[in-house]
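# Examining the three-dimensional arrangement
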Amino acid sequence: IRESATLTRDVLEQHFNDLKGTLKKLLDERLMSLLQEVDAIEQESIKPLDECQKLIEHGVSTADDLLRDGESAVHGDVEQQNEKLCSFTKKALHIQLDSLPEVPSLVDVPCLSAQLDDCLLTILKNQIFRHGTVASRPPVQLEEFVEKPGGILVRWCKVDDDFIPQDYRLQYRKSTAGHFEDVYVGSETEFIVLHIDPNVDYQFRVCARGDGRQEWSPWSVPQIGRTTLVPHEWTTGLEGYSLSSRRNIALRNDSQSCGVLYSKAPTYFCGQTLTFRQVLSGQLIETVGQPDRRDSLGVCVEQQNGCDSLQRDKAVCISTNGAVFVNGKEMTNQLPAVTCGSTVTFDMEVVHLGPSSNEGGTFKLRVTISSNNREVVFDWVLDQCCVSLYFGCSFLYPGWKVLVF
C-alpha cells in the first residue's frame, strides 16, 4: 500500500507540474499573439495619420516662414521693401495655403481595446476540479502466467463488477530497469507473449478501457513472469525452406528439393500445447501454397532423413487437406483444411498401459489435435517411453509459411 501510494503521489505531482508548465506556455503564446495583433493594427492604422500630420506641419511651417518674410518686407526701407515685396509675392504665388490633406473622420479611426471573456476562468475551474481521479483498486488484475517455449501465456480478469470493459491493454518490460511497452490491445483476456528469453524475469501490467470511454483505467499491480522453456526452433540447413532470424518461422521456398523440416531439438514435452500457425507469405494477401495430400504438420519420436512427409511410423500429423495420420495410417475423422491464418494445436498427455493389455505397446499418449474450432482425440501407442518429441512439417509446393510456438 505504501509503495503504491508513494508512486501515485509522484505520478500526480509530475502530471500537474507538467500541466502547469504547459498551461503557462500556452498562455504566454496566446498573449504574444494578441500583442503582435495590437502592434500590427497600430502600425497599419497610424501610418496615414502620421503622413497627414507631416503634411499639415510642413504647411504650417511654410506659412510661418512666409509670414516672417512679409513682416521683414514691410519694416525695411523703401528700396529694400520693393525688392522684398517682389520676392514675397513670387514666393506666395507658388505656395498653396488654401488646401489641407484629407483627414479621416473620427469614426474611421481605429480605437483598440482588449475583449476578455471571464467565463474562461469558470470553464477552466470546472475542468480542473474534475480532472484526475484516485482509484483504490484497478478494475482488472493479472491472474495467471503459463510457461510456453520462448514465451509466456498471460491471463487477466476483471475484479470490478460495475466496470464494463471494452478493450484491454497489456504491457511488459524486461526486468524492472526498462520502459513498459505495449504488447497487446484488444478484447481478449489472455495473450501469448513471444520472444521471451528463458530464465529471465519480465514484469507485466494490464489496464482496461470502459465501454464508450477514451481514457484507460489505472494499471494493475505489476507482476513478475518468466519461462524456463527454451523457444521452439526449426533446424537450419534444409534447402527447401527459408527461416526467420529467430528460426521460429519456416517458409517453403521455390527450391525443387523437398523433405521434412524438423525441429532443432526434441523441445515439445507432453503436457504442453504445440501450436502451428499459417501466416502470410508476403506475396499476395490471403496467399498460401498449393495444398497437396502429402503435406504434413505434426510431431514424431525421432528424425528420419530421406522421408518426404510425416505420414510415417512413430509420427502423428495433419495434412493441409485436414486428414489426420497416426503412424502412417489415415484416421476416419478429418479436420478442416489448413488455410491462411489457420492455427493447428497438438496437446498430449501420458497414459501408461497395464501389463495385461493386448495392444502390443508399452507406452501410450493421449493426443488432441485442434484446427478451426474442431478437434480429434485418440491414443497413440508407442513401443518406447517418450515424453519429449520433435516437431516437423513438409510441403510439396512453395508459399507455405508456418510459425511454431
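As shown above, the structure is provided for reference.
Note that this is a predicted model, so its numbers are computed, not measured.

Quick notes on the rules
Residues numbered from 1 in each chain as written. Predicted model: local features only at pLDDT ≥ 70, side-chain atom pairs only at ≥ 80, totals over all residues. Heavy atoms only, no water. Helix = DSSP H or I, 4+ residues; strand = E, 2+ residues; numbered from the N terminus. Contact = heavy atoms within 4.5 Å. Buried < 20%, exposed > 50% of the residue type's maximum accessible area, 1.4 Å probe, protein only. Pairing = 2+ DSSP bridges. Axes fitted to C-alpha atoms, helices over the stretch in contact; angles between N-to-C directions. Disulfide = S-S within 2.5 Å.

It is worth spelling out the overall build of the protein at this point. Of the regular secondary structure elements, the protein holds three helices and 21 strands. Taken over the C-alpha atoms alone, the protein extends approximately 160 × 60 × 35 Å along its principal axes. Residue pairs at least 24 apart in sequence account for 60% of intrachain contacts in the protein once pairs closer than 6 positions are excluded.

Moving on, we come to the pairing of strand S14 (residues 315-318). Neither face of S14 is left uncovered, since the one carrying Ala-315 and Cys-317 and the one carrying Val-316 and Ile-318 both have all their residues buried. In terms of strand pairing, strand S13 (residues 296-300) meets S14 through four bridges, oriented antiparallel. Residue Leu-297 lies in a different strand from S14, and its bridge partner there is Ile-318. Between S14 and strand S15 (residues 323-326), which pair antiparallel in sequence order, lie four residues; one of them, Gly-322, sits at a positive phi of approximately 100 degrees.

Turning next to the sheet that holds strand S5 (residues 190-194). Reading across from one edge, S1-S2-S5 is the order of the three strands in this open sheet, with antiparallel pairing throughout. Every interior strand has two partners, whereas the edge strands, strand S1 (140-148) and S5, have only one. Each adjacent strand pair in this sheet contributes to an overall mean axis angle of 25 degrees, direction not counted. In this sheet, strand S2 (residues 151-158) lies alongside S1 in antiparallel orientation, the contact comprising eight bridges. Across the sheet, the residue bridging to Glu-147 is Ile-152, located in S2.

What follows concerns the state of the cysteines. By the definition in use, this model includes zero disulfides. Among the cysteines around Cys-317, which has no disulfide bond, Cys-300 carries the closest sulfur, lying 9.6 Å off.

Attention shifts here to the pairing of strand S3 (residues 165-174). Here S3 runs beside strand S6 (residues 202-210); their pairing, made up of nine bridges, is antiparallel. Within S6, the residue paired with Leu-170 across the bridge is Val-206. In this sheet, strand S4 (residues 181-186) lies alongside S3 in antiparallel orientation, the contact comprising five bridges. For Leu-170, the partnering residue across the bridge sits in S4 and is Tyr-184. What sits between the antiparallel neighbours S3 and S4 is a turn of six residues, in which Ser-175 has the positive phi angle 55 degrees.

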